[in-house]
Amino acid sequence: MPITVNYGRMRVDAPRPALAAAIVAALVLAGCGSAGGSGDDANGAGASAGDAVQAASGAKLTPRATAEGVVLTRDPEEDQSFPLPAGTRGAQKAPLPDDAPDAPRRKAKKGAESEISPGAPSDAQIRRELKEMEQAIKAFKRGSRSAGSAVVRAAINGGGHAQTPIGAPDVIARIISGGNAIAKFPYIWGGGHGSFVDSGYDCSGSVSYALAAAGLLEAPLVSGQFASWGSPGPGRWVTIYANDGHVFMYVAGLRFDTSGRDGPFGSRWQTARRSLAGFEVRHPTGL
């Protein structure tokens, strides 16, 4: 007699002998891990169908989060991401990616006006910044490329948010805006997968949110999916590093990564370099 199993959005009608195979097929996506998950499940709200299959076979259970039938495995760099204790959530919800506030842009200061305001830069400071701007424009025109860095480097302000560099395309400004919107949100395993609007984000949820703010994604991806997303190799503005367990990216020369922050609410934007070994290198096509 057939048995009907509802799993996420998938309906499976199968005879008893084929039931386990049908469930396993629903869990085939692998990736912040093998796949997306909601933060509530990530904190132990329930067991997945995959866990039931493992229990029936006597295999060792591993923690999983699920969202609409897709399985998420633990991030091997989770301990470097200051995860919140199990059962806790962040204090606020992020906006939809489309509603992320605009990122500030770096601007060159103009020459001295007829009246000098208190705290205005000196002539030497203005000359130095104009020289830096000229060098940045020359580098932009040369179209030079380097792995993990862009033509013009972004900066991080005192609040841990990135500033869009001079000459950057609007799509890069939107990626940076998305990254800024959740830069200091806590790390929550499975966060950002059940919905873009969440109170915490894991590695792939973070990268997904920033790219979605630029219209490059319609739904969150997991780290394993990023390993084959877009185009191969480093990009001019954006370079993504992904494997089955973790993903991070460089945007305009800044690293956007849940690993290596300086605390539970430290910024995901970082200037420090890290090992790239073991990661697939991808970039959004055209960027």
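The sections below set out a description of the structure shown in this document. The model shown is predicted, which means the values in this text are computed figures rather than measured ones.

Moving on: the pairing of strand S9 (residues 247-251). The buried count for S9 comes to five of five residues, which makes it a mostly enclosed element. Burial along S9 is two-sided: Val-247, Met-249 and Val-251 and Phe-248 and Tyr-250, pointing in opposite directions, are all buried. Pairing of strand S8 (residues 238-242) with S9, which is carried by five bridges, proceeds in the antiparallel orientation. By the bridge assignment, Tyr-241 is partnered in S9 with Phe-248. In this antiparallel pair of consecutive strands, S8 and S9, the connection spans four residues. Inspection of the sheet shows S9 paired to strand S10 (residues 254-256) by three bridges, in the antiparallel sense. Within S10, the residue paired with Met-249 across the bridge is Phe-256.

With that settled, the discussion passes to the pairing of strand S12 (residues 280-283). Note that strand S7 (residues 231-232) and S12 share two bridges and pair antiparallel. In the sheet register, Ser-231 faces S12, and the bridge partner there is His-283. Where S8 and S12 come together, three bridges link them in antiparallel fashion. Its bridge partner being in S12, Ile-240 is matched across the sheet by Arg-282.

Below, the discussion takes up the packing of helix H5 (residues 170-182) against helix H6 (residues 203-213). Axis separation between H5 and H6 bottoms out at 7 Å; the angle between their running directions is 135 degrees. Overall, the two elements H5 and H6 adopt an arrangement that is oblique. Between H5 and H6 lies a crossing of right-handed hand. In contact with Arg-174, Ile-175, Gly-178, Gly-179, Ala-181 and Ile-182 of H5, H6 contributes Ser-206, Tyr-209, Ala-210, Leu-211 and Ala-213. Of the residues in the contact of H5 with H6, the class split is seven nonpolar, three polar and one charged.

Under the definition given, this model contains nine aromatic pairs. When the ring of Phe-226 is compared with that of Trp-229, the centres are 5.9 Å apart and the planes differ by 80 degrees; the resulting orientation is edge-to-face. Each member of the pair Phe-226 and Trp-229 is classed as buried. One aromatic cluster is present, built from ring pairs that chain together Phe-185, Phe-196, Tyr-201 and Tyr-209. The ring centre of Trp-189 lies 3.5 Å from the NZ or CZ of Arg-74, which sits over that ring.

What counts as what
- Residues numbered from 1 in each chain as written.
- Predicted model: local features only at pLDDT ≥ 70, side-chain atom pairs only at ≥ 80, totals over all residues.
- Heavy atoms only, no water.
- Buried < 20%, exposed > 50% of the residue type's maximum accessible area, 1.4 Å probe, protein only.
- Helix = DSSP H or I, 4+ residues; strand = E, 2+ residues; numbered from the N terminus.
- Pairing = 2+ DSSP bridges.
- Axes fitted to C-alpha atoms, helices over the stretch in contact; angles between N-to-C directions.
- Parallel < 35°, antiparallel > 145°, perpendicular 65-115°, else oblique.
- Left-handed = near helix turned anticlockwise from the far one by under 90°.
- Contact = heavy atoms within 4.5 Å.
- Nonpolar A, V, L, I, M, F, W, Y, C, P; charged D, E, K, R; others polar.
- Phe/Tyr/Trp six-rings, centres within 6.5 Å; stacked < 30°, edge-to-face > 60°.
- Lys NZ or Arg CZ within 6 Å of the ring centre and 35° of its normal.

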